[in-house]
Every structure is written in C-alpha cells, then in structure tokens.
Amino acid sequence: MRNIFTICGKELKSYFSSPVAYLLMALFGLIFGFFFYSATAYFVMAGMRAQMGGQEQPMSVNEFVIGPLLGNASVVGLFLMPLISMRLFAEEKRSGTIELLMTSPISDWEIILGKWLGAMSMYLCIIAVSAINVGLLFIWGHPDPRPILTGYLGLILQGGTILALGTFISTTTKNQIIAGAATFSVCLLLWVLSWVSSYNEAPWAQAIAYCSILTHFEPFSRGIIDSKDVIFYLSAIFFGLFLTSRSLDTLRWRA
Amino acid sequence: MIKVEGLTKRYARHVAVKNISFEVGKGEIVGFLGKNGAGKTTTMRVLTCFLPPTEGKASVAGFDVIEQSLEVKKRIGYLPETPPLYPEMDVTTYLTFVARLKGIPSAEIPKRVDEVCGRCAIASVKDTIIGKLSKGYRQRVGLAQAIIHNPPVLILDEPTSGLDPEQQREARQLIASLSGDHTIILSTHILSEVEHSCSKVIIINNGEIIASDSVANLHSRRGTAETMRLGVTGGNPQEIRKRIEQVAGVASVISLDGMAAREGLASFEVHGLADREVGPDLARAVVTAGWNLHELRIVGESLEEIFIELTKSERVQTGTAGTEIAAASEDKPEEVKE
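Predicted model only: the values in this text are computed from it and were never measured.

**Section: the overall build of chain A**
Part 1 of the argument: For chain A, the count of helices and strands is 13 helices and zero strands.
Part 2 of the argument: Scanning chain A from its N terminus toward the C terminus, one meets helices and strands in the order α-α-α-α-α-α-α-α-α-α-α-α-α.
Part 3 of the argument: For 255 residues, the compact-globule estimate of 2.2 N^0.38 gives 18 Å, and chain A sits close to it at 20 Å.
Part 4 of the argument: Principal-axis analysis of the C-alpha atoms gives chain A an extent of 70 × 45 × 30 Å.
Part 5 of the argument: By sequence separation, contacts in chain A at least 24 residues apart represent 80% of the contacts at least 6 residues apart.

Set out below in structure tokens:
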C-alpha cells in the first residue's frame, strides 16, 4: 500500500512540476467555462421566453444546464486524458528509470496501480476546476445536488476507464507522441461506437454500441446510477490495468 | 553471494549471453570486462531481476532471481548504464523517493539520505534539480541511489563512464570504500579501472566468459612468454632483423614498418621463448653491433593487452588461455597497439 502511494505521489508531483498540469487545468477551465456560459445563456433566454409565453412550470437547471454540461465535460475529457496517460510508462522507458522501478522490491501491480492512481488524481484536479462554474449555479439557483454528484461519479468512472487503457498503451512504446495518439484514437473510436446502433438494430450492432464509453455515461448525467454501467466501467478499468500488467511482464521478456 | 549457472539469454534475433557460469563470494569486487555488446549489461539485468534468463539459473544471496525476485531486489543496489534519474526532481526528493521504494522506514529516510549524500559527495547539490546537474554529479546521484538501502550486493554498470579522469578517480575511491561490507560487481571497458579496484576479473566476449581469474593470475599467465617492443636507429632494418633473430631465446621477430615514428627507426616485435628473459641479450646485441638502442620494452604487461588478445581470439578456454594468447598475438601484431 505504501509503495502504491509512493508511486502515485511521485506521478502527481511530476505533473505539477512541469507545465502539463497547469496547462491541462487551464484548457479544461476555458472550454468548460465556454460550455457553461453557452448553457446558462441559453437557459436564461429560454426561461425568459417561457415566462413571456405564460408558461407557469419552472424550468429545471439540472435538466437544461448541468446534464448537458457534464455530458460535454465527458467529451472534453476524452481529448485531455491521452495527454495525461501518455507519459506514464513511455517516459520511464525512454529515460531508463523503468529499470529503477522494476529492480526495486515492489510488485508490478503496485507500480501499475500507483501510476494509474497518480493519473486519476491529476484527472480529478482537472475536473475539479469545473466546480467553480457549478458552484455559481448553487449561489444563484437551487439545483438538485444529487444528479450533479452522480454526474461527477460518472466522469470519474469514465476517466478511470480511459486512463487504464491509456496506461496500457503507454507501456507499449517509448514514444510519448505515439502513446498519446494511439490512446486518442482509441478514445475517439470508443466514443463513436455508439453511432452504430442508430442505423442498425441487429444484435451485433447493439453489442458494439454497448462498448461505447459515452453511452454508459449518459444515465449518470441524468442522476441515475445503474449497476450495469458501474460494472461496465469497473470491468473496463480492470481490463485495462490487467493488460498493463501483461504488457509490463512481456517487457521483461522482450526488453 | 552471487551464483550463476549455465545462464543463457536469448533475444528475438540473437543470443546475448551463452551458457555462462560464475560465482562471486561475499565481499569480493568483481570486474566485468568486455567490449560494448559483449553481454555485460544483459548479465547484470538478469542478476537484478530486470530480465528473466532464457535458460539457466542465477541466485543472489541464496535467492533465485525468478522464484524469489522480491527477496533478491531487497538485497541489491543497482546502477544501470544510464543513471535512472528523474530530471524534474531535486536530489533530496529523488533520494527520498528511492528510499521509500526500497522499503526504508519513513523515520529513517532523512538520516539515510544525509548519509549517502555525504558519502557520494553530493551534499552541496542536495537542493538542485537533477536536470541541471553535470554528468559527474548525476553519476554520483545514481550511485547514491544504489547504496541508499545499504544492500549487501551492489551491481554497477559502467559506474565511471562519461566522467572526467578526476571524477573517475573519485568514483573508484568511493567504490573501493564500499568494499568489505558489500559484494560488488562492476562492469567496464576501462581496464585500468579493473586493475585498480577489483579483486577478480571476468572477461566476457560475444556472450561467453573467456577468462575468469584474479588480476594477479591474469598477469602471471601472460608473463610466461615475453613479447618485447624493440626500436633501433642507425642501421639497415634487414641487417638488424637478421642479427636479433640470432639472439638466444628469441622465438620470432616481426618488423613493424608501419609503426616507425621517425626516419631511420626500425621497429620490431620480438617474441621470446617461454620462461626466457631476452631483454638484456637483445640490448647487448644491438649495442655491440654499433646501432643505437632507441626503445626496448615489454609489451603485453597491462591488462589491456591481455584483454585485447583474449577477445580477439575466437574462443579461448579458461584453463588453456596462456598458450592460446601467444598464438593469438602472432597473427596480427599491428592491431595490438590499437
């Protein structure tokens, strides 16, 4: 356990000792801020129009602002996460520090979990930036906090999945650019897999669409925790980390 | 302390190490000698559990490198060829991180860090970012990293490469100061390093051990038949050659025309018969003939020559190396100087 935290702490520190962490947080803040502005501006306009039209029913902030906003955040996450995970192992392989880790009295799983948790912590720091905007809603409105919490849970689970796959891809190369580009392609593919079901009703199409990361996120943003989705994410995380451990093992044999 | 039996390491396309066996006793400093690509690093990586062997067994302190790798890893300090440093960390942070990895209790870590900083003479750069350190300091931080948990076995892959002569001397002193408590394997292609700091030498070439002996024994083995470098001025090279071939105890003479450092100097390589001292007779023969003796020295004294000759010949078995060395040195004497 101590070893996992040692590695995790080291990873997190190395993000923050380079501009990477600040850059990613700033970019995310900028993009999320723009989405936030668009969503609230639209909400205000629509709300005024509804009032003038004599509609009595108040509009829901959760439904019109927070739901779409978190959905957008999950897409932005797809683009940022390869930048977080690409260096995890690729950098160590290039600089030779992987020899230090692998000849120290710690197990491969401790290295992997440490690195993955380090990347997760970085990701949490990034999505925490969005709390500023969401906080504003609480100051001037009365949104229901529960769908927001489930939305964040969804973001965390989805992030964990992509970072686990990214960690695996990072072990396969010494080149961070390759690791990043490959992870990005996989993310993109996992996103658009859901499109298959829109034009094909066949069972195989449904199965492919089921693998899409985003389709499992939607319920979370609506405040629903479906065990099916949670299990999907958790098993995907385990699968990614399992592949990482296999890959690390073959690293010893191939070297 | 370290035991290697029939170790073979095969990569996809080539065999890096072929069936090597050796043993290192407690407290010994063993020099691993070989050209680049000879298999030194591979052997060390097997011993540090970084690579599993394809065949054969290796154990450190009685623990198998595959079956009980965690126990082995606890007992070794390893300095790879490129020191495994994180350039964005400062020295103290880095050493603290390594100390935690090696399982040193948190309370002891600051004390251990201070201790190795003092020992490796890096206390003055403790708060410097590693990326800003010079090559010499980086190497020392690498060494500090290897000894921080006070391991009984130290494996150092080219610990002095890239250092200037002054730093090399310091590094050697540091390594020598570590001997006694630690069993040390160090690899190098700098031969003087082995002569200075090692009690035993293992020469490895093309993945095979071609000699494994103490430094003193390697010297004496080479000494059975003398090879002299002779330089004479003031005479006709053919005549000189004819004269020295007649000197008692001379087995063969080779003219080194290409090596003439200046006009009128005739250089020869003279091989003596086994157990004969031919130097004095050679000198007398040259002087009495009226020529000037420009140079007369025994070559092949240094470990360097032994090494070059051993690695040049295809395969020399450990026991019979003495005779094979002489045979090997005859085919291309010009290259000996390289």
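**Section: the overall build of chain B**
Part 1 of the argument: On a plain count of helices and strands, chain B comes out with twelve helices and 14 strands.
Part 2 of the argument: Within chain B, the proportion of its 338 residues that are buried is 42%.
Part 3 of the argument: Taking contacts inside chain B between residues at least 6 apart in sequence as the whole, the part at least 24 apart equals 67%.

**Here we look at the sheet that holds strand E10 (residues 208–214) of chain B**
Residue and element names in this part refer to chain B.
Part 1 of the argument: Overall, mixed pairing links the six strands, which are arranged E6-E7-E8-E3-E9-E10 in an open sheet. Edge positions in the sheet fall to strand E6 (76–79) and E10, since each of these pairs with one other strand and no more. Adjacent strand axes in the sheet meet at a mean angle of 15° when their direction is disregarded.
Part 2 of the argument: In the sheet, strand E9 (residues 200–205) pairs with E10 via six bridges, with the strands oriented antiparallel. In the strand pairing of E10, Ile202 is matched with Ser212.

**What about the interface of chain A and chain B?**
Part 1 of the argument: Each side of the interface is counted separately: chain A has 18 residues, and chain B has 20 residues.
Part 2 of the argument: Only helix H1 (2–16), helix H5 (98–102) and helix H13 (227–254) of chain A provide two or more residues apiece to the side of chain A that touches chain B.
Part 3 of the argument: For the side of chain A that touches chain B, a count of residues per class yields six nonpolar, nine polar and three charged.

**Describing unusual backbone geometry**
All names here are of chain B.
Part 1 of the argument: Of note, Asn19 is a non-glycine position whose phi angle comes to about 45°, a positive value.
Part 2 of the argument: Overall, Asn19 belongs to the partly exposed group, with 14 C-beta atoms counted inside 10 Å.
Part 3 of the argument: Located in the positive-phi region is Cys49, a residue other than glycine, with phi close to 70°.
Part 4 of the argument: Topologically, Cys49 is positioned in the loop between helix H1 (40–47) and strand E4 (55–60).
Part 5 of the argument: Cys49 sits in the buried class, given 26 other C-beta atoms within 10 Å.

**A word on the nonpolar core**
Part 1 of the argument: Counting 133 residues, the largest nonpolar core has Tyr123 and Leu163 of chain A together with Tyr94, Leu95, Ala144, Ile155 and Ile185 of chain B as the members making the most contacts within it.
Part 2 of the argument: Contact partners of Tyr123 of chain A, with chain neighbours within four places excluded, come to Met81, Ile84, Gly159 and Leu163 of chain A.

**A word on the environment of Phe32 of chain B**
Part 1 of the argument: Here Phe32 of chain B is to be found in strand E3 (residues 29–33).
Part 2 of the argument: Remark: the alpha-carbon pair of Phe32 of chain B and Gly235 of chain B, spanning 203 residues in sequence, is separated by 46 Å.

**What about helix H8 (residues 145–171) of chain A?**
Part 1 of the argument: In this model H8 of chain A runs 39 Å from its N-terminal to its C-terminal C-alpha over 27 residues, within 8% of the 39 Å that 1.5 Å per residue would give.
Part 2 of the argument: Buried residues dominate H8 of chain A, accounting for 21 of its 27 residues.

**Comments concerning the packing of helix H3 (residues 91–101) of chain B against helix H4 (residues 109–119) of chain B**
Residue and element names in this part refer to chain B.
Part 1 of the argument: Running from N to C, H3 and H4 point in directions that differ by 120°, and their axes come no closer than 10 Å. By the angle between their directions, the pair H3 and H4 is classed as oblique. You can see that H3 and H4 cross each other, and the crossing is right-handed. For the pair H3 and H4, the contacting residues are Thr92, Leu95, Thr96, Ala99 and Arg100 in the first and Ile109, Arg112, Val113 and Val116 in the second.
Part 2 of the argument: Residue composition of the contact of H3 with H4, grouped by class: five nonpolar, two polar and two charged.

**Side note on the confidence of the model for chain A**
The predicted coordinates should not be examined in detail at positions where pLDDT is low.
Part 1 of the argument: For chain A, per-residue confidence averages 89 on the pLDDT scale, and 98% of positions sit at 70 or higher.
Part 2 of the argument: Per-element confidence in chain A is highest for helix H6 (residues 108–128) of chain A, whose mean pLDDT is 95, and lowest for helix H10 (residues 196–199) of chain A, whose mean pLDDT is 79.

**Quick notes on the pairing of E9 of chain B**
Residues and elements named next belong to chain B.
Part 1 of the argument: Across the six residues that make up E9, a large majority, six, are buried.
Part 2 of the argument: Of the two faces of E9, the one lined by Lys200, Ile202 and Ile204 and the one lined by Val201, Ile203 and Asn205 are each fully buried.
Part 3 of the argument: By the bridge criterion, four bridges tie E3 to E9 in an arrangement that is parallel. Along E9, the bridge assignment pairs Leu33 with Ile203.
Part 4 of the argument: Between the end of E9 and the start of E10, which pair antiparallel, lie two residues, with Asn206 showing a positive phi angle near 50°.

What counts and what doesn't
- Residues numbered from 1 in each chain as written.
- Chains lettered and ligands numbered in written order.
- Predicted model: local features only at pLDDT ≥ 70, side-chain atom pairs only at ≥ 80, totals over all residues.
- Helix = DSSP H or I, 4+ residues; strand = E, 2+ residues; numbered from the N terminus.
- Rg over C-alpha atoms; globule rule 2.2 N^0.38 Å.
- Contact = placed C-beta atoms within 7 Å.
- Buried ≥ 20, exposed ≤ 12 C-beta atoms within 10 Å, placed from the backbone.
- Pairing = 2+ DSSP bridges.
- Axes fitted to C-alpha atoms, helices over the stretch in contact; angles between N-to-C directions.
- Nonpolar A, V, L, I, M, F, W, Y, C, P; charged D, E, K, R; others polar.
- Core = buried A, V, L, I, M, F, W, Y, C linked by C-beta atoms within 7 Å.
- Expected span 1.5 Å × (residues − 1).
- Parallel < 35°, antiparallel > 145°, perpendicular 65-115°, else oblique.
- Left-handed = near helix turned anticlockwise from the far one by under 90°.
- pLDDT = per-residue confidence, 0-100.

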